Amino acid sequence: MDRRQFLGSAALATSLLPLAGTAGATASAHKRLLPAPLNKGDTVGLVSPSSASDDSFSLQLAREAMEALGFKVKAGPHLASRYGHLAGTDAERAGDLNAMFADSTVKAIVCVRGGSGAARLLPLLDYDAIRRNPKVLLGYSDITALHSAIHAKTGLVTFHGQVGSGSWNAFNADQFRRLFFDRELIEYRNKAEAGDELVPRRNRTLAIRGGKARGELVGGNLSVLAALAGSSYLPDFNGRILFLEDVGEAPYRIDRMFSTLKLMGALDRIAGFIFGECSDCKPGDGYGSLTLEQILDDHIGPLKIPAYRGAMIGHIREQFIVPVGGMVELDADAGTFRLLEPVFRA
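Since the model is a prediction, treat every value here as computed from it, not as a measurement.

**Concerning the overall build of the chain**
Broken down by element type, the chain carries 10 helices and 14 strands. Across the 346 residues in the chain, those meeting the buried criterion constitute 58%. Considering only contacts in the chain between residues 6 or more positions apart, those separated by 24 or more positions represent 81%. Carbon and sulfur atoms make up 50% of the accessible area of the chain, which totals about 14000 Å².

Structure, rendered in structure tokens:
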């Protein structure tokens, strides 16, 4: 997904330093807020806060997937709208999201897709209404902007995971049921895939630095998160477990975004680190490009905190549903993290 129109020059770290502490002060003012639990038969709202969908078939697939999971579906009025590359104007998209949070018949909100543009909505969201009506919000990629802002402003636990029009394969559907219906304290362990290899190659995790750590999860898409630097829409990083993923970014851009997080003080405050997949992020044909491994070693290694890479988080077919704000224990040697506390109200 092309997010460069949104990112622009937001990663220029020299302009961010005076504001680096703003987000932490905002987030720390709010206690963790748990959403209401989900049950089959509930109504979920479909919204499109970012890019417009390519065609109506993807919207139909999203509806059918939610119905197959056992829900009734309410579509946002501007679900199929278009304004340039966006799914409607900022006011229309924010209005749909605010209306879904305010609607007592809607028990969860599922984003149809990511893309770019969600950050444009952050000043338009009704955070008081969200705080009064805590409910599930699900999506990933550009939806990281919503996860970060809503958690920073309200403390609400939201969910970084498959979008409505994405692949609802057996792995994703099973994890959805375990997390939302069974309310299981999931251990997030990569699915083993040996195939016909003598030594498994796929879904491997590698420790950057071993050890265990506990804390609340924050993070999501690296590009989107770094572009929020200097704003009040970033979560508190103090003592948190940071998880990141990205897609289609050259290594020099990944390095620059990590530098932004470092310069604003975020990396120095985290207790643990999980890197998922950076799909299609390999060096180009030029000489001398840093590798992703070198970038992580340079930025994460010196922190001397438990950290690993390779988690099933990102722009991949089978992916974890990660509760932003959920309390977890990270085991970098095992390449796992597990929920320590419920992420829904009793």
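**Some thoughts on the sheet that holds strand 1 (residues 43-47)**
Read across the sheet, six strands follow the order 2-1-3-4-5-12 without closing on themselves; strand pairing throughout is mixed. Of all the strands in the sheet, the pair left with one neighbour each is strand 2 (72-75) and strand 12 (322-324). Strand after strand, the sheet turns through a mean of 30 degrees between neighbouring axes, direction not considered. Relative to strand 3 (residues 106-111), strand 1 runs parallel, the two being bridged by five bridges. Of the residues in strand 3, the one forming a bridge with Leu46 is Val110. Along the sheet, helix 4 (residues 90-102) makes contact with strand 1, strand 2, strand 3 and strand 4 (136-139), crossing strand 1 at roughly 170 degrees.

**With respect to the sheet that holds strand 6 (residues 187-189)**
The mixed open sheet is built from eight strands, whose spatial order is 6-14-13-8-9-10-11-7. The sheet is open, and its two edges are formed by strand 6 and strand 7 (206-209), each paired on a single side. Averaged over all neighbouring strand pairs, the angle between strand axes comes to 30 degrees, with direction disregarded. Where strand 9 (residues 241-247) and strand 10 (residues 272-279) come together, six bridges link them in parallel fashion. Looking at strand 10, one finds that Asp246 is bridged to Cys278. Against the sheet, helix 10 (residues 292-299) engages strand 7, strand 10 and strand 11 (307-309), with an angle of about 160 degrees to strand 10.

**Some words on the nonpolar core**
If you look at the biggest cluster of nonpolar residues, it comprises 53 residues, and the most contacted ones within it are Leu146, Phe258 and Phe273. When residues are assigned to domains, this core turns out to be shared by domain 1 (43-181) and domain 2 (203-339), each giving three or more. Not counting residues within four places of it along the chain, the set of residues in contact with Phe258 comprises Leu222, Leu244, Leu267, Phe273, Phe275, Ile295, Leu296, His299 and Ile300. One finds Ala108, Phe176, Tyr308 and Met312 within the second-largest nonpolar core, a separate group that totals 47 residues.

**A closer look at the pattern of salt bridges**
Applying the stated rule across the entire model yields 17 salt bridges. Between Glu187 and Arg189 there is a salt bridge; the shortest N-O distance is 3.2 Å. With relative accessibility at 44%, the residue Arg189 sits in the partly exposed group. Across the salt bridge formed by Arg338 and Glu329, the nearest N and O atoms sit 3.1 Å from each other.

**Side note on the packing of aromatic side chains**
Within this structure, the stated rule accounts for 16 aromatic pairs. For the pair Phe71 and Phe176, a centre-to-centre distance of 5.9 Å together with 80 degrees between the ring planes defines the contact as edge-to-face. Note that Phe71 is positioned in the loop between helix 3 (56-68) and strand 2 and Phe176 in helix 7 (residues 170-181), a separation of 105 residues in sequence. We classify Phe71 as buried; its relative accessible area is 4%. Taking relative accessible area as the criterion, Phe176 reaches 2% and is therefore assigned buried. What links up through ring pairs into an aromatic cluster is the set Phe71, Phe159, Trp168, Phe176, Phe180, Phe181 and Phe344.

**Focus on the environment of Arg338**
By secondary structure assignment, the location of Arg338 is in strand 14 (residues 336-339). Beyond its immediate chain neighbours, meaning those up to four positions away, Arg338 contacts Ile186, Glu187, Arg214, Met327, Val328 and Glu329.

**Focus: the side chain of Glu245**
Mapped onto the secondary structure, Glu245 falls in strand 9. The exposure class assigned to Glu245 is buried, which follows from its relative accessible area of 0%. Only 3.1 Å separates the side chain of Glu245 from the side chain of Asn221, close enough to count as a polar contact.

The rules behind each value
Residues numbered from 1 in each chain as written. Predicted model: local features only at pLDDT ≥ 70, side-chain atom pairs only at ≥ 80, totals over all residues. Heavy atoms only, no water. Helix = DSSP H or I, 4+ residues; strand = E, 2+ residues; numbered from the N terminus. Buried < 20%, exposed > 50% of the residue type's maximum accessible area, 1.4 Å probe, protein only. Contact = heavy atoms within 4.5 Å. Areas by Shrake-Rupley, 256 points an atom, 1.4 Å probe, with all protein chains shown as cover. Pairing = 2+ DSSP bridges. Axes fitted to C-alpha atoms, helices over the stretch in contact; angles between N-to-C directions. Core = buried A, V, L, I, M, F, W, Y, C linked by side-chain atoms within 4.5 Å. Domains from an automatic or database assignment. Salt bridge = Lys/Arg side-chain N within 4 Å of Asp/Glu carboxyl O. Phe/Tyr/Trp six-rings, centres within 6.5 Å; stacked < 30°, edge-to-face > 60°. Polar contact = N/O pair within 3.5 Å; in protein donor to acceptor, adjacent residues only side chain to side chain.

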